[in-house]
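Listed here are the chains, written in short residue letters.
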Amino acid sequence: MRKNIVAGNWKMNTTLQEGVALAKEVNDALDKVTPKCDVIICVPFTHLAPVAGVINDKLGLGAENCADHKSGAYTGEVSAPMVASTGAKYVILGHSERRQYYGETSETLKEKVNLALANNLTPIFCIGEVLEQRENGTYLDVVKAQIEEALFDLSAEDFSKLILAYEPVWAIGTGKTATDDQAEEMHAHIRKVIEDKYGKEVAENTSILYGGSCKPSNAQALFAKPNVDGGLIGGASLKAEDFMGIVTAF
Ligand code: 13P
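Everything in this summary refers to the structure shown in the same document. Here the structure is a predicted model, which is why all the values come from computation and not from measurement.

With respect to helix α5 (residues 106-118)
Then step 1. An ideal rise of 1.5 Å per residue puts 18 Å on 13 residues; α5 measures up with 18 Å between its terminal C-alpha atoms.
Then step 2. All of the buried residues along α5 are S106, L109, K110, K112, V113, L115, A116 and L117.
Then step 3. Buried residues belonging to α5 abut α3 (80-85), β4 (90-93), α4 (96-102), β5 (122-127), α7 (139-151) and α8 (156-159).
Then step 4. Two residues or fewer after α5 comes N120, characterised by a positive phi angle close to 60°.

Okay, here's the thing in structure tokens:
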């Protein structure tokens, strides 16, 4: 069966020293509980190797992005093999902030997904509509197209390695969470889109996380929905106490 997962996305926050301290704090807190979910933190590239050195296997580690090329003359980029060499096991791909501010398209995301998989990194692949698409009623089609365009060239075996994250752009960092019913509607839709392409078994085994102003006070209701398998947490992952409040919502 699919896993429940709570993953933090630190985005461009914390200095190296602050990040290492936060990772230690989260790991120490995790050591004191028996979480009913996998717990992952996705951190800036600069923090990966030092954080890997201070956490244990109760806490998974991921990057927030990787390059769409394996190596070469791409100044400033960080490749999937480089990420993997730090000890990280996950990589967030297709976050709406990357699509919106850095022009990432389904074409570049396809390359990134392939490179991540080739380097044994589990992509946490983000999809989600903007407010206008929610309001004009196209949101289900928009998300379906995002999945089809970037992921449907994958074999069923490779698709099974992915984690998906539904993040309605209008809910990210706004304090405006999707209701648990809105999340469930979309997550059930995503699972059906997967089922139509890869079959019921792959669909049932895919973890689909919700992201967008998820916090300790709303996590329990969201995670109680049958198709919501956890959360991708931005702001609330920057405080160990808040993040643990979400982890223990399962
Ligand atoms: P917030 O939790 O800050 O809304 O961010 C969600 C997100 O973008 C996680 O990837």
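Once you've had a look at it, read on.
A look at the environment of K32
Then step 1. Within the fold, K32 resides in the loop between α1 (16-31) and β2 (38-43).
Then step 2. For K32 and K225, which are 193 residues apart along the polypeptide, the C-alpha to C-alpha distance reads 27 Å.

A few points about the site of the ligand
Then step 1. Taken together, the residues surrounding the ligand are N9, K11, H95, E167, A171, I172, G173, G212, S213, L232, G234 and G235.
Then step 2. In this structure, an oxygen atom belonging to the ligand sits 2.9 Å away from a main-chain N or O atom of G234.
Then step 3. Between G235 and the ligand, the recorded distance is 2.8 Å, taken from a backbone N or O atom to an oxygen atom.
Then step 4. For the ligand, the accessible surface in isolation is 310 Å², of which the surrounding protein chains cover 95%.
Then step 5. Grouping the constituent residues of the shell around the ligand by class yields three nonpolar, seven polar and two charged.

Basis of the calculations
Residues numbered from 1 in each chain as written. Predicted model: local features only at pLDDT ≥ 70, side-chain atom pairs only at ≥ 80, totals over all residues. Heavy atoms only, no water. Helix = DSSP H or I, 4+ residues; strand = E, 2+ residues; numbered from the N terminus. Expected span 1.5 Å × (residues − 1). Buried < 20%, exposed > 50% of the residue type's maximum accessible area, 1.4 Å probe, protein only. Contact = heavy atoms within 4.5 Å. Near = heavy atom within 4 Å. Polar contact = N/O pair within 3.5 Å; in protein donor to acceptor, adjacent residues only side chain to side chain. Areas by Shrake-Rupley, 256 points an atom, 1.4 Å probe, with all protein chains shown as cover. Nonpolar A, V, L, I, M, F, W, Y, C, P; charged D, E, K, R; others polar.

Shape descriptors only; they carry no functional weight alone.
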